[in-house]
There are 2 protein chains.
Amino acid sequence: MELYSGEINKLISELAALPGIGSKSAQRMAFHILNLPHDRVKMLSDAIINAKENVKYCSECCTLTDGDICPVCANTKRDHGLIMVVENPQDMAAYEKVGKYDGVYHVLQGVLSPMNGIGPADIRLKELIVRLETHEEVREVIIATNSSAEGEATAMYISKLIKPAGIKVTRIASGVPVGGDLENIDEVTLFRAYEGRVEL
Amino acid sequence: MELYSGEINKLISELAALPGIGSKSAQRMAFHILNLPHDRVKMLSDAIINAKENVKYCSECCTLTDGDICPVCANTKRDHGLIMVVENPQDMAAYEKVGKYDGVYHVLQGVLSPMNGIGPADIRLKELIVRLETHEEVREVIIATNSSAEGEATAMYISKLIKPAGIKVTRIASGVPVGGDLENIDEVTLFRAYEGRVEL
């Protein structure tokens, strides 16, 4: 049974295809949009199309950006000898929000996941290798993929690939989060925190 | 600090303006959109514009629909002598989903709310009056506004407006929801259920 007419259903199903949006949220969003003034709706629709059309991969670090090169890579004050490898632009933004890292990034745009058919050729790994070959100033590559099984496997893979070239490869520390209550933390994390203990 | 470049930020802020979407969800949706193929993005953007441009109020019941008249009002098999007054198209869809109601609807597109400056002229109330004046076959108006303070006030207001014309006005029952556990139901609902008790 069709509860709404064609164009409304089409809008609801397009919105429901977005991540984290169920059919109830999609309905609420759709009727919100239908009740907005025309110019506000045009702004939303334009923002979608313009972002898709104008945003591309940074030619240096592969993050998503407006221009040919992203602001971080274009910044000559940052340490271009230090590359942090992350999975996606959101992870890069998370470290930028910390504001303490002054190196540059390399955004893989994904993570190795044989289960989902994602191999080394499907992520921006070749670009990292080319970058390391052409930029001799790189002293260290910090691998900051997520602490998931896939993130760890990707970290191992990259490490094995880069190390023979004589570049220092590090991994961000894994352990108890600041403010975390030991009682509520999983066993694997607790074991990692034990293994990675540092002298005071 | 700008974490993303211009077009990406613009998209994120447009998405974050939708109801129920926080900045994290907006980011996730934005990057999802940026990673979709061009034609899928075009479909989403078109669905938004087309819905806004082609959807209008049904000339009979004021719900949102593609054509001049909605499928329910156009259906001659339905009982046009019975009008259920609801707040919005979603509430109409909720009753349509039940599938047991064969009358027609009147969609107010809002509810009286003096606190928010919404008076009788801001909702589709005049259209209901005109409809009752021109359609003499209407036997009963069922008021199915929400059971909130504003919904109740709107129901009372409409009832006082219509009753003098000699039309039967009813209100959907208020009480304990089916499957509800008395222990977890608020006092007002419990009192309503007691007041509205029916003989077995």
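Residues numbered from 1 in each chain as written. Chains lettered and ligands numbered in written order. Predicted model: local features only at pLDDT ≥ 70, side-chain atom pairs only at ≥ 80, totals over all residues. Heavy atoms only, no water.

Draft legend 1. Structural context of the relation of the copies chain A and chain B. Rotating chain A by 179° and translating it 0.0 Å along the rotation axis places it on chain B, where the RMSD comes to 0.1 Å. Given the turn and translation reported, the copies of this chain are related as if by a two-fold rotation axis. Rotation axis and chain A: the residue whose C-alpha lies nearest the axis is A:S45, separated from it by 2.4 Å. Same-surface contact between copies: 100% of interface residues of chain A are shared with the interface of chain B. (Least-squares fit on C-alpha atoms with pLDDT ≥ 70 in both. Contact = heavy atoms within 4.5 Å.)

Draft legend 2. A look at helix α5 (residues 89–98) of chain B. Listed in full, the buried residues belonging to α5(B) are B:P89, B:D91, B:M92, B:A93 and B:E96. Structurally, α5(B) contributes buried residues whose contacts are with α2 (23–35) of chain A together with β2 (64–65), α4 (71–74), β3 (79–86) and β4 (103–107) of chain B. Within two residues after α5(B), B:G99 carries a phi angle of roughly 80°, on the positive side. (Buried < 20%, exposed > 50% of the residue type's maximum accessible area, 1.4 Å probe, protein only. Helix = DSSP H or I, 4+ residues; strand = E, 2+ residues; numbered from the N terminus.)

Draft legend 3. Representation of the pattern of salt bridges within the structure. All names here are of chain B. Applying the stated rule across the entire model yields 20 salt bridges over all chains. The closest approach of N and O atoms between E96 and R78, which form a salt bridge, is 2.9 Å. Placement of the pair is E96 in helix α5 and R78 in the loop between α4 and β3, with a sequence separation of 18 residues. By the burial criterion, E96 is buried, and R78 matches it. Here E140 ties to K168 by a salt bridge, and the two come within 3.9 Å at their closest N and O atoms. Taken together, the residues span a long stretch of sequence, with E140 in strand β5 (residues 140–143) and K168 in strand β6 (residues 168–171) at a distance of 28 residues. (Salt bridge = Lys/Arg side-chain N within 4 Å of Asp/Glu carboxyl O.)

Draft legend 4. The confidence of the model for chain A, seen in detail. All names here are of chain A. Predicted confidence across chain A gives a mean pLDDT of 90, with 99% of residues reaching 70 or more. Helix α8 (residues 187–195) is the least confidently modelled element of chain A, averaging 83 in pLDDT, while strand β4 (residues 103–107) averages 96, the highest of any element. As scored by the predictor, the complex reaches a pTM of 0.77 and an ipTM of 0.78. (pLDDT = per-residue confidence, 0-100.)

Draft legend 5. Summary view of the pairing of strand β3 (residues 79–86) of chain A. All names here are of chain A. Most of β3 sits out of view: six of its eight residues are buried. When β3 meets strand β5 (residues 140–143), the two strands line up parallel, connected through four bridges. In the strand pairing of β5, I83 is matched with V141. (Pairing = 2+ DSSP bridges.)

Draft legend 6. Just the packing of helix α6 (residues 125–134) of chain B against helix α7 (residues 149–162) of chain B, in detail. All names here are of chain B. At their nearest, the axes of α6 and α7 sit 12 Å apart, and the two run at 30° to each other. It follows from the interaxial angle that α6 and α7 lie roughly parallel. The handedness of the crossing between α6 and α7 comes out as right-handed. On α7, the residues that touch L125, L128, I129 and L132 of α6 are Y157, I158, L161 and I162. Within the contact of α6 with α7, the residues separate by chemical class into eight nonpolar, no polar and no charged. (Axes fitted to C-alpha atoms, helices over the stretch in contact; angles between N-to-C directions. Parallel < 35°, antiparallel > 145°, perpendicular 65-115°, else oblique. Left-handed = near helix turned anticlockwise from the far one by under 90°. Nonpolar A, V, L, I, M, F, W, Y, C, P; charged D, E, K, R; others polar.)

Draft legend 7. Highlighting the interface of chain A and chain B. With 51 residues of chain A at the interface, the matching set in chain B holds 51 residues. Where chain A abuts chain B, roughly 4,900 Å² becomes buried across the two surfaces, and 69% of that area is made up of carbon and sulfur atoms. Remark: the boundary between chain A and chain B carries two salt bridges. Inspection of the chain A/chain B interface yields 15 residue pairs in polar contact (both at pLDDT 80 or more). Looking at the side of chain A that touches chain B, the elements with two or more residues in it are α1 (6–16), α2, α3 (38–54), β2 (64–65) and α5 (89–98) of chain A. (Buried area = accessible area lost by both parts, 1.4 Å probe. Polar contact = N/O pair within 3.5 Å; in protein donor to acceptor, adjacent residues only side chain to side chain.)

Draft legend 8. How the structure looks around the side chain of A:E96. Exposure remark for A:E96: the relative accessible area of 13% places this residue in the buried category. Within the structure, the side chain of A:E96 is placed 2.6 Å from the side chain of A:Y105, a separation counted as a polar contact.

Draft legend 9. Summary view of the sheet that holds β6(B). Residue and element names in this part refer to chain B. On the basis of which strands lie adjacent, the open sheet formed by four strands has the order β4-β3-β5-β6 and parallel pairing. Taken across any chain shown, the strands that pair with only one partner, and hence form the sheet edges, are β4 and β6. Averaged over all adjacent pairs, the angle separating strand axes in this sheet is 25°, with direction ignored. Pairing of β5 with β6, which is carried by four bridges, proceeds in the parallel orientation. Within β6, the position partnered with E140 by the bridge is K168. Against the sheet, α5 makes contact with β3 and β4, and its axis sits at roughly 160° relative to β4, the strand it touches most.

Draft legend 10. Structural view of a nonpolar patch on the surface. A cluster of nonpolar side chains, contributed by A:V176, A:L182 and A:L190, occupies part of the molecular surface with about 230 Å² of accessible area. Within the secondary structure layout, A:V176 lies in the loop between β6 (168–171) and α8. (Patch = residues over 30% accessible without salt bridge, like charges linked within 9 Å, V, L, I, M, F, W, Y side chains within 5 Å. Areas by Shrake-Rupley, 256 points an atom, 1.4 Å probe, with all protein chains shown as cover.)

Draft legend 11. Representation of the sheet that holds β4(A) in the model. All names here are of chain A. A sheet is described by the order of its strands in space; here four strands give the open sequence β4-β3-β5-β6, paired in parallel fashion. On the outer flanks of this sheet lie β4 and β6, each paired with one strand and no other. In this sheet, neighbouring strand axes are inclined to one another by 25° on average, regardless of whether the strands run parallel or antiparallel. With five bridges joining them, β3 and β4 adopt parallel strand pairing. Within the sheet, the bridge partner assigned to M84 lies in β4 and is Y105. Set on the sheet, α5 makes contact with β3 and β4; between it and β4 the angle comes to about 160°.

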